[in-house]
Amino acid sequence: MPLIPTLKDKIFLIWGANGWIAGHLEILLQSQCKTVHCTAVRMENREEVEEVLNRIRPTHVFNCAGCTGRPNVDWCEDNKQETIRSNAIGTLNLADCCYLRGIHLTVLATGCIYHYDAEHQPHGKPFVETDPANFGGSFYSYTKSRVEEIMSFYPQTLILRLRMPVSDDLHPRNFVTKIASYPRVVDIPNSNTILTDLLPCAVVLAESGETGVYNFTNPGVISHNEVLTLYKEIIDPSFTWQNFTVEEQAKVIKAQRSNCELDTTKLETKLKEYGMTVPEVHVAYRKCFERMKENLQREKMLT
Ligand SMILES: NC(=O)c1ccc[n+]([C@@H]2O[C@H](COP(=O)([O-])OP(=O)(O)OC[C@H]3O[C@@H](n4cnc5c(N)ncnc54)[C@H](OP(=O)(O)O)[C@@H]3O)[C@@H](O)[C@H]2O)c1
């Protein structure tokens, strides 16, 4: 019997089965011919979580579940107890149940726990993994930052901080779809996660048993206007938009929004060990929109 499990021995379980990112991860793992199961069991229900883990006996769990609010994070401001139940009690319960069984856990966390401050300005000094969270302007981010800190005490846990994730389609949860549909947008440089670039990295890191916290975005920052300019150039030449200030934005939203740049040096250094690289965010966006254009044209031909 080999001491190290072979690829075939690995069993992946995705939590949050009906979620947007969970769906992308499932397709990716299936395309790699991996053994993958999905569950939508509520993370806070200990007996049900234990039953799923005992029955499926995964070697690797991906936690893609979380209370993100609908239509957006403003919902969490008015539903704090429900948000705590998922993002604090549920997330920690799942981490604890995995820990007790020696299961590797990858958590799709958020980088929206930071906000530019005097020390960290756009195109200045980005936030590194060890910087304490400095953004509690939304209850969603507040729960996420506190839980991340506690969860990092569980060994065999890999915490990947995504920001403003982008897919190669116009799914309503795609950051591009969101900002393209708003009547007015702010224009601030931010770290973004292009899922096609980053999700394969999550699989490699997880199956290699990596642990710890990683800022999980493409390197560099891109502003809303830069994103929309590329969108107009490649996807929809007739598209127009209007900007407004953060102060004007604050009048139409309930929770504040995080704007920040995450340092990706730790991630890039780790990925080099696996012969992997992640494209700079402007380069990545152009490629993403080119894939999106092809996807939209294919869809159009089928209808
Ligand atoms: N999308 C983003 O902008 C973004 C950015 C950074 C990080 N993230 C994080 O990445 C993860 C996935 O995001 P997503 O965009 O794919 O969100 P999503 O589409 O809202 O999916 C989240 C899924 O989690 C499920 N869920 C919520 N509470 C649960 C609980 N207590 N137990 C089990 N399942 C639960 C939801 O089911 P119900 O709908 O039935 O509750 C939903 O199917 C989340 O943790 C999110 O915080 C997302």
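The rules behind the values
- Residues numbered from 1 in each chain as written.
- Predicted model: local features only at pLDDT ≥ 70, side-chain atom pairs only at ≥ 80, totals over all residues.
- Heavy atoms only, no water.
- Near = heavy atom within 4 Å.
- Areas by Shrake-Rupley, 256 points an atom, 1.4 Å probe, with all protein chains shown as cover.
- Helix = DSSP H or I, 4+ residues; strand = E, 2+ residues; numbered from the N terminus.
- Nonpolar A, V, L, I, M, F, W, Y, C, P; charged D, E, K, R; others polar.
- UniProt positions renumbered as here; feature names shortened; annotations may be inferred.
- Pairing = 2+ DSSP bridges.
- Axes fitted to C-alpha atoms, helices over the stretch in contact; angles between N-to-C directions.
- Contact = heavy atoms within 4.5 Å.
- Buried < 20%, exposed > 50% of the residue type's maximum accessible area, 1.4 Å probe, protein only.

**A short note on the site of the ligand**
And step 1. Around the ligand, a shell composed of 23 residues is seen, among which Met-43, Glu-44, Ser-86, Tyr-140 and Lys-144 lie nearest.
And step 2. Contact with the protein chains covers 84% of the free accessible surface of the ligand, which is 880 Å².
And step 3. Elements with a minimum of two residues in the shell around the ligand: helix H1 (20-31), strand S4 (104-110) and helix H5 (139-151).
And step 4. Among the elements that make up the shell around the ligand, the one with the highest residue count is S4 (three residues).
And step 5. Along the lines of polarity and charge, the residues of the shell around the ligand split into twelve nonpolar, six polar and five charged.

**Concerning the UniProt feature "domain: RmlD-like substrate binding" (unreviewed entry) in the protein chain**
And step 1. Under the feature "domain: RmlD-like substrate binding" (unreviewed entry), the UniProt entry names residues 13-181.
And step 2. With 41% helix and 15% strand, residues 13-181 has end C-alpha atoms that lie 34 Å from one another.

**Examining the sheet that holds strand S3 (residues 60-63)**
And step 1. Judged by pairing direction, the sheet is parallel, and its six strands sit side by side in the order S2-S1-S3-S4-S5-S7 without closing on themselves. Every interior strand has two partners, whereas the edge strands, strand S2 (35-39) and strand S7 (212-215), have only one. Averaged over all pairs of adjacent strands, the angle between strand axes in this sheet comes to 20 degrees, irrespective of strand direction.
And step 2. In the packing of helix H4 (residues 80-101) onto the sheet, contacts are made with strand S1 (11-15), S3 and S4, and the angle to S3 comes to roughly 175 degrees.

**Description of the side chain of Asn-225**
And step 1. Take Asn-225: it is sitting in helix H8 (residues 224-234).
And step 2. Take Asn-225: its relative accessible area is 17%, and that puts it in the buried class.
And step 3. Those residues within four positions of Asn-225 in sequence are excluded, and the remaining contacts are Asp-187, Trp-241 and Asn-243.

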